[in-house]
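# Observations on the model geometry
What follows is the residue order along each chain.
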Amino acid sequence: MRIRIDHATRYDYAHPARFIIQSLRLTPRSTDGQQVRDWRIETDVDARLRRSEDGFGNIVHNLYTESPAAALTIRVTGEVVTADTGGVLRGVRERLSPLVFLRETPLTQADEALRDFAVAAAGQGTSLDRLHRLMGAIGERVVFEIGATDSSHTAARAFALGRGVCQDHAQIFIACARLIGVPARYVSGHLWRSDGQENQDAGHAWAEAYVENLGWVGFDPANGVSPTEAYVRIATGPDYLGAAPIRGTSYGGGRESLSVRLVVRRMQQTQQQQQRMGWS
């Protein structure tokens, strides 16, 4: 599948911000399941963009404004050609041991309710079977509801609330997987919707868990499936904060408002392109 991403994040400030610093995790890597085409990041102000990599292997662009700005828009455009790998991540050079992703973080710290739920939901069997049961149980237990939570909500808090968005589903899954001894991490990205809804409120999020003899496998509790060719994988981390698309700060500027425009479209892909990539 050939997927086009058009993503714009705009910040408006009550007064011109003297200096703005942002860390952008907005650029995907090519893997066996996705080949990145024509990917660009642009801004509408004088700014420097320095590309680097973080400790988790994500591509990071650090943005620094050169002069005061009353507003800042960050635009991302690009195309990715994807293939269905059954949710198994292949073609990625891992820098860290999977055991790193067994450690708790403030956003994924489990309470007694999550501990009881994880053990009961996962049951017995192979790691893969237990993880699939866990994914299904989370989708049944936590209702998807936009606006019920925000980025500061922990897995335990969202679980107690019984409502949340894909970020909450992913972090609850991560917390529960770690409780049953399985390394798990957060994934940020995009999802092409089969219902034809191209305009979206925000990017998507899911989780990956490490399964012996398979490696990292994706699980999307919000939709009850492992990632397919409809998914574009951008960044990973121990929780949302480690893979957040944009994090940063501004000096001056006063009150700040944020707006996001995101369009995820499926493009026509020729048979010749598919054959060239060996995916026909």
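Structure shown above.
Residues numbered from 1 in each chain as written. Predicted model: local features only at pLDDT ≥ 70, side-chain atom pairs only at ≥ 80, totals over all residues. Heavy atoms only, no water.

### Brief notes about the packing of aromatic side chains
Under the defined criterion, the tally for this structure stands at eight aromatic pairs. Their ring planes at 70° and their centres at 5.5 Å tell us that Tyr210 and Trp216 sit as a pair that is edge-to-face. Given the relative accessible area of 27%, Tyr210 is considered partly exposed. Of the residues examined, Trp216 reaches a relative accessible area of 5% and is grouped as buried. Here the aromatic cluster, defined as three or more aromatic residues joined through ring pairs, consists of Phe56, Phe101, Tyr210 and Trp216. (Phe/Tyr/Trp six-rings, centres within 6.5 Å; stacked < 30°, edge-to-face > 60°. Buried < 20%, exposed > 50% of the residue type's maximum accessible area, 1.4 Å probe, protein only.)

### Details of the environment of Phe117
As for its position among the elements, Phe117 is in helix α1 (residues 112–122). The exposure class assigned to Phe117 is buried, which follows from its relative accessible area of 15%. The spatial distance from the C-alpha of Phe117 to the C-alpha of Val165 is 19 Å, given a sequence separation of 48 residues. (Helix = DSSP H or I, 4+ residues; strand = E, 2+ residues; numbered from the N terminus.)

### Describing the layout of surface pockets
Leftover empty space is mapped by rolling, across the atoms, a probe with the size of a water molecule. A volume near 250 Å³ is recorded for the second largest pocket. Contributing to the lining of the second largest pocket are 17 residues, with Arg29, Phe56, Gly57, Val92 and Arg93 lying nearest its centre. With four residues, strand β12 (residues 231–237) is the largest single contributor of residues to the lining of the second largest pocket. For the lining of the second largest pocket, a count of residues per class yields four nonpolar, six polar and seven charged. (1 Å grid on protein atoms, 1.4 Å probe; cavity = no way out; pocket = protein on both sides within 12 Å on 5 of 7 lines; lining within 4 Å. Points joined across faces, edges and corners; volume = space filled by probe spheres on them. Nonpolar A, V, L, I, M, F, W, Y, C, P; charged D, E, K, R; others polar.)

### Quick look at the pattern of salt bridges
For side chains bearing opposite charge, pairing can occur when the charged atoms are close. Counting across every chain of the model gives 15 salt bridges. Here Arg4 makes a salt bridge to Glu79, at a shortest N to O gap of 3.7 Å. Taken together, the residues span a long stretch of sequence, with Arg4 in strand β1 (residues 2–27) and Glu79 in strand β5 (residues 69–82) at a distance of 75 residues. Assigned by exposure class, Arg4 and Glu79 land together as buried. Salt-bridge contacts for Arg29 lead to Glu53; the nearest nitrogen and oxygen are separated by 2.5 Å. Here Glu53 lies in strand β3 (residues 47–53) and Arg29 lies in the loop between β1 and β2 (34–43), a separation of 24 residues in the sequence. Assessed through its relative accessible area of 30%, Arg29 is described here as partly exposed. You can call Glu53 partly exposed: its relative accessible area is 38%. (Salt bridge = Lys/Arg side-chain N within 4 Å of Asp/Glu carboxyl O.)

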